[in-house]
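Chain by chain, the residues:
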Amino acid sequence: MTDAAVGSSPTVDRWSARWSAWRLPRGLHPGAWWLWALGLATAASHTTNPLGLTLLVAVTALVVIQRRGHAPWALAFRMYVWLGVVIVAMRVVFRIVLGGGQGEHVLVRLPEIPLPEWAAGIRLFGPVAAEQVLGGFYDGLRLATMLICLGAANALANPKRLLKAVPGALYAVGTAVVVALSVAPQLVESVLRVRRARRLRGASGRGMRAFRGVALPVLADALDRSLALAAAMDSRGYGRTAAVPAGQRTVTGTLVLGGLLGVCAGTYGLLDTTGPGYLGLPLLLAGLAAAVGGMLLAGRRVRRSRYRPDRWQLAELLVAGCGIAAAGLMVLAGTVDPERLYPPVSPLTWPELTPLLLLAVAVAAVPAWLAPPPTPIPKDRA
Amino acid sequence: MSVLRVAPRTAVVLVLASVAALATFTWPLFVPVQPENTARAGEAPLVFVVMLPVLVALVLAELTSGGIDSKALAMLGVLAAVNAALRPLGAGTAGIETVFFLLVLAGRVFGPGFGFLLGSTSLFASALLTAGVGPWLPFQMLAASWVGLGAGLLPRRPRGRAEVALLAGYGAVAAYGYGLLMNLWFWPFSAGADTQLSYVAGAPILENLHRFVFFTAVTSTFGWDTGRAITTAVLIALAGPAVLAALRRAARKAAFGAPVTFAAPEPGLPASLPTALLAAQAGKPAAGQPAGRDDRQHRWDQHHPLGSRVT
């Protein structure tokens, strides 16, 4: 009967209900944000056009400001922007100090400082050409944009929920990191407690002796806590493993070992041009795939239950899809019009945008509205 | 003692992955000339940036595949938390690095496999806490893991002052090595392509090495890296004995590797009890010969007043 009632209700109502459910504030699956950010970073890696890169940074900042929550990691974005500024500055300074002065348009002539023979025959300063500085700027801006994209993922994705999504083979390591993340704040409390106890005994709070008097008890406290934690984990059934037939274990081991051998050979082939082409990247990727397959197979041994698992819903798919689409469009733009995406430094030209590049940037910006809004701070805590 | 048993297969995986990973650090030294134009030459390092996280994940999965004891896991998490909390203490102050100190000591006490895991988890937890996840993270994790692994592989014989001296020396060397590796990784990204300090594709290894040595000497070896080596060595020398004792005490308390059996409680009393109580322990085995399970069961039957009825 309920089925009939739902079925007979007007389509408009259903869509509006879906829309309001869509707009409900919730945290997006962290994997979706990471895929989006990695897509943007890939897009940034395929161009040195400063206009395109600046637009990408702007879009990333827009999405972060629109959709970041109130957790402490949400404030990390600013740090990444500053890191990007430092990278660009470093590249340019390196070009000025150690550039060697190739290029026609000399901006300034700094006094040259030749270094002695042991310093690889390097000379410092000398003429500074516009081409050289601009090349450093383009290169640095590309790297900085990629970093800022990753910074956006850091600010938007909840690391604790991401750890819940690790594959089974990494379950133990993921659990250790979760333990570390939850114990770290308790250490502060432990330090305060030990210091209070010391003050009650009339000890001073300064100097090397005070440091030892606080640090060692805190360490001992933490170690004791780990034993209590292990007992709690045991009593809740941690470490339950599924029985794995011997045949499957052999397959896993063969896959992992064979894959790693392939990776080693592929790396060698990549760095040695005398060998045939298939020994390079293809072998490396095949080896990685085999090893990862073995790892995932080994993860089936782990049995775990999940409390409130994060699910991939339409919003997650769309956000991740936006990032991947942006990367694809940028690669396409590079094949259609490589000159505009890698504007030449000499002769000096003004960089120009292409329609495909603009489309890639626009697609990258869509999650600013498409993603569900972040959960607001509860009133009593605000 | 070793908390985490490293099976032969795991050791092989570790060596293979380390060899491949070393290439991701050192590729600028022997990268061939790229046939494409220079703007696209940036693709080769990207392959390695993608490859290394997978390699690190593989090794971590393989190390824990034997099923890691819950006590070892909790210890790992707690020590990683302490390390992650120590790390920001030094950041920003030139070259003061506080991570390696506990990593080296814990690697020494808990063995190479645990040291490797601790290096990775510490840096990963620290990156999550400070939202510092980036392409550099897998490289830092692996370099720190090697530091912890090496600390576990040091000769076991020295104890007392010799041990602290050995660990302090190792800490200083490892701090320099970590700095060199991270510089080597960062070199192509920081100096860019066309400066006199950049790597030259296709040049002989020695020439590139010469350039790199100069780059690292100028940018960090005499500043950051020396600061890091000194801090690590001094911290180990000053606080090492006390921390080692605390860690060993925790390891003894946790009794890693003790077989879990479900037998009736044994009457073997701790040695600190008054001798009058010890008299009951007539069947105590000779020192250095741990009693097997069946042996204990046997003694329970013999000496406990309720023995025969309980079994």
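Everything numeric here is computed off the predicted structure, so don't read it as measured data. (Residues numbered from 1 in each chain as written. Chains lettered and ligands numbered in written order. Predicted model: local features only at pLDDT ≥ 70, side-chain atom pairs only at ≥ 80, totals over all residues. Heavy atoms only, no water.)

*Asks:* What exactly am I supposed to notice about the overall build of chain B here?
*Replies:* From N to C terminus, chain B includes 11 helices and zero strands. Taking all 311 residues of chain B together, 53% fall into the buried category. Summarising the internal contacts of chain B: among those between residues at least 6 apart in sequence, 77% fall at separations of at least 24. Accessible surface for chain B amounts to roughly 13,500 Å². Of this, 67% is attributable to carbon and sulfur atoms. (Helix = DSSP H or I, 4+ residues; strand = E, 2+ residues; numbered from the N terminus. Buried < 20%, exposed > 50% of the residue type's maximum accessible area, 1.4 Å probe, protein only. Contact = heavy atoms within 4.5 Å. Areas by Shrake-Rupley, 256 points an atom, 1.4 Å probe, with all protein chains shown as cover.)

*Asks:* How should the overall build of chain A be read in this particular structure?
*Replies:* Within chain A, the secondary structure is distributed over 15 helices and four strands. Counting across all 382 residues of chain A, residues that qualify as buried make up 42%. For chain A, the exposed area adds up to about 20,300 Å²; of that, 66% sits on carbon and sulfur atoms.

*Asks:* What is the right way to read the environment of alanine 144 of chain B from this model?
*Replies:* All names here are of chain B. Within the fold, alanine 144 resides in helix 6 (residues 136–153). What makes alanine 144 buried here is its relative accessible area of 1%. Between the C-alpha atom of alanine 144 and that of leucine 247, which follows or precedes it by 103 residues, the distance is 20 Å. When neighbours within four sequence positions are excluded, alanine 144 is seen to be in contact with Leu103, Gly119, Leu123 and Tyr178.

*Asks:* Got a minute to help me understand the domain arrangement of chain A in this structure?
*Replies:* Many descriptions give the size of an interface as the accessible area lost when the pieces come together. Split into domains, chain A comes out as domain 1 (24–165 + 310–370), domain 2 (170–235) and domain 3 (246–301). Centre-to-centre, using C-alpha coordinates, domain 1 of chain A lies 40 Å away from domain 2 of chain A. (Domains from an automatic or database assignment.)

*Asks:* Could you clarify how one ought to interpret the confidence of the model for chain A in this entry?
*Replies:* Any segment with low pLDDT has predicted coordinates that should not be analysed in fine detail. Residues and elements named next belong to chain A. Summary statistics for chain A give a mean pLDDT of 81 and a share of 88% for residues scoring 70 or more. Averaged pLDDT values for the elements of chain A fall to 47 in helix 1 (residues 2–8) and rise to 92 in helix 4 (residues 50–67). Predicted confidence is poor over residues 1–7, with pLDDT under 50, and the contacts of this stretch with residues over four places away or in other chains come to zero contacts. (pLDDT = per-residue confidence, 0-100.)

*Asks:* It is not clear to me how the nonpolar core should be interpreted in this structure. Could you clarify?
*Replies:* Buried together is how nonpolar side chains tend to be arranged in soluble globular proteins. Counting 180 residues, the largest nonpolar core has Trp36 of chain A together with Leu55, Leu79 and Phe110 of chain B as the members making the most contacts within it. Excluding residues that lie within four positions of it along the chain, leucine 79 of chain B makes contacts with Leu219 and Leu223 of chain A together with Leu102, Ala106, Phe110, Phe114, Leu118 and Leu247 of chain B. (Core = buried A, V, L, I, M, F, W, Y, C linked by side-chain atoms within 4.5 Å.)

*Asks:* Please clarify how the interface of chain A and chain B should be interpreted in this entry.
*Replies:* Tallying the contact residues gives 81 residues for chain A and 82 residues for chain B. Overall, the association of chain A and chain B removes approximately 6,600 Å² of surface from exposure, summing both partners, and the carbon and sulfur fraction of that is 78%. Its salt-bridge partner being lysine 253 of chain B, residue aspartate 224 of chain A comes within 2.9 Å of it at the nearest N-O pair. Breaking the side of chain A that touches chain B down by element, the ones donating at least two residues are helix 3 (30–45), helix 5 (76–98), helix 6 (130–156), helix 7 (159–164), helix 8 (171–200), helix 9 (207–235), helix 10 (246–271) and helix 11 (281–298) of chain A. In terms of residue count, the dominant contributor to the side of chain A that touches chain B is helix 9 of chain A (13 residues). Its residues placed into classes, the side of chain A that touches chain B shows 57 nonpolar, 13 polar and 11 charged. (Buried area = accessible area lost by both parts, 1.4 Å probe. Salt bridge = Lys/Arg side-chain N within 4 Å of Asp/Glu carboxyl O. Nonpolar A, V, L, I, M, F, W, Y, C, P; charged D, E, K, R; others polar.)

*Asks:* Please clarify how the packing of helix 12 (residues 314–336) of chain A against helix 14 (residues 355–365) of chain A should be interpreted in this entry.
*Replies:* Relative orientation and spacing of two packed helices are given, respectively, by the angle between their axes and the distance between those axes. Residue and element names in this part refer to chain A. Remark: helix 12 packs on helix 14, axes separated minimally by 8 Å, with the N-to-C direction vectors making an angle of 170°. By the criterion of interaxial angle, the relationship of helix 12 to helix 14 is roughly antiparallel. Contacts between helix 12 and helix 14 involve Cys322, Ala325, Ala326, Leu329, Met330, Leu332, Ala333 and Val336 from the former and Leu356, Leu357, Leu359, Ala360, Val363 and Ala364 from the latter. (Axes fitted to C-alpha atoms, helices over the stretch in contact; angles between N-to-C directions. Parallel < 35°, antiparallel > 145°, perpendicular 65-115°, else oblique.)

*Asks:* Please clarify how the side chain of threonine 24 of chain B should be interpreted in this entry.
*Replies:* Residue and element names in this part refer to chain B. Inspection of the secondary structure puts threonine 24 in helix 1 (residues 8–26). Assessed through its relative accessible area of 0%, threonine 24 is described here as buried. In terms of polar contacts, threonine 24 uses its side chain to reach the backbone carbonyl oxygen of alanine 21, at 2.4 Å. In this structure, threonine 24 is in contact with Phe48, Met51, Leu52, Phe139 and Trp185, ignoring residues within four places of it in sequence. (Polar contact = N/O pair within 3.5 Å; in protein donor to acceptor, adjacent residues only side chain to side chain.)

*Asks:* Looking at this model, I keep getting lost on the side chain of glutamate 62 of chain B. Mind explaining?
*Replies:* Considering the arrangement of structural elements, one finds glutamate 62 of chain B in helix 2 (residues 43–63). Among all residues touching glutamate 62 of chain B, those that are not within four sequence positions of it are Val256 of chain A together with Arg9, Thr10 and Val13 of chain B.

*Asks:* I would appreciate a short explanation of the packing of aromatic side chains in the present structure.
*Replies:* Aromatic ring pairs: the centre-centre distance and the angle between the two ring planes describe each pair. Scanning the entire structure with this criterion turns up eight aromatic pairs over all chains. Considering the side-chain rings of tyrosine 80 of chain A and tryptophan 136 of chain B, the 6.3 Å spacing of their centres and the 25° angle between planes classify their relative orientation as stacked. Note that tyrosine 80 of chain A is positioned in helix 5 and tryptophan 136 of chain B in helix 6, a pairing that runs across two chains. Each of the two residues, tyrosine 80 of chain A as well as tryptophan 136 of chain B, counts as buried. Ring geometry for phenylalanine 100 of chain B against tyrosine 178 of chain B: centres 4.8 Å apart, planes inclined by 70°, an arrangement best described as edge-to-face. One end of the pair, phenylalanine 100 of chain B, is in helix 4 (residues 99–110); the other, tyrosine 178 of chain B, is in helix 7 (residues 161–191), and 78 residues separate them in sequence. (Phe/Tyr/Trp six-rings, centres within 6.5 Å; stacked < 30°, edge-to-face > 60°.)

*Asks:* Where do I start with a nonpolar patch on the surface in this structure?
*Replies:* Residue and element names in this part refer to chain A. A cluster of nonpolar side chains, namely Leu35, Trp312, Leu314, Leu317, Leu318 and Ile324, defines an oily patch on the protein surface of about 560 Å² accessible area. Top element by residues in the nonpolar patch is helix 12. It accounts for four residues. Its location among the elements puts tryptophan 312 in the loop between helix 11 and helix 12. (Patch = residues over 30% accessible without salt bridge, like charges linked within 9 Å, V, L, I, M, F, W, Y side chains within 5 Å.)

*Asks:* What is the right way to look at helix 5 of chain A in this model?
*Replies:* Owing to its 3.6 residues per turn, the α-helix aligns residues three or four sequence positions apart on the same side. Compared with the 33 Å implied by 1.5 Å per residue over 23 residues, the 33 Å span of helix 5 of chain A between its first and last C-alpha is a close match. Among all positions in helix 5 of chain A, only Ala76, Phe77, Tyr80, Gly84, Ile87, Val88, Arg91, Val92, Phe94, Arg95 and Leu98 of chain A are buried. (Expected span 1.5 Å × (residues − 1).)

*Asks:* Before we go on, may I ask you to explain the packing of helix 10 of chain A against helix 11 of chain A in this structure?
*Replies:* Residue and element names in this part refer to chain A. Contact pair helix 10 / helix 11: the axes reach a minimum separation of 7 Å and the direction vectors enclose 155°. Here helix 10 is positioned roughly antiparallel relative to helix 11, judged by the angle of their axes. For the pair helix 10 and helix 11, the crossing hand works out as left-handed. Partitioning the contact of helix 10 with helix 11 into residue classes produces 16 nonpolar, nine polar and no charged. (Left-handed = near helix turned anticlockwise from the far one by under 90°.)

*Asks:* Explain the pattern of salt bridges to me, please; I cannot follow it from the model alone.
*Replies:* Proximity of charged atoms lets side chains of opposite charge pair with each other. All names here are of chain A. One pass over the structure, following the stated rule, counts 13 salt bridges over all chains. Arginine 225 serves as the salt-bridge partner of glutamate 189, at 3.9 Å between the closest nitrogen and oxygen. A residue pair is termed long-range when its members are at least 10 positions apart, and glutamate 189 in helix 8 and arginine 225 in helix 9 qualify at 36 residues. The exposure class of glutamate 189 is partly exposed, given its relative accessible area of 40%. Through salt bridges that share partners, Glu189, Arg193, Asp221 and Arg225 make up one connected network.

*Asks:* Where do I start with the environment of proline 343 of chain A in this structure?
*Replies:* Residues and elements named next belong to chain A. Along the chain, proline 343 falls in the loop between helix 13 (338–341) and helix 14. A sequence separation of 205 residues divides proline 343 from tyrosine 138, and the C-alpha atoms of the two residues are 9.2 Å apart. Residue contacts for proline 343: discarding those within four places in its chain leaves Thr48, Asn49, Pro50, Tyr138 and Pro351.

*Asks:* Explain the confidence of the model for chain B here, please?
*Replies:* Residue and element names in this part refer to chain B. Averaged over all residues, the pLDDT of chain B is 74; the fraction at 70 or higher stands at 69%. The element-level mean pLDDT for chain B is lowest in helix 11 (residues 307–310), coming to 40, with helix 6 highest at 89. The low-confidence segment residues 36–42 (pLDDT under 50) makes six contacts with residues lying over four places distant or belonging to another chain. With pLDDT under 50 throughout, residues 274–311 is counted as low confidence; its partners more than four residues away or in other chains account for 32 contacts. Across the predicted assembly, pTM comes out at 0.74 and ipTM at 0.73.

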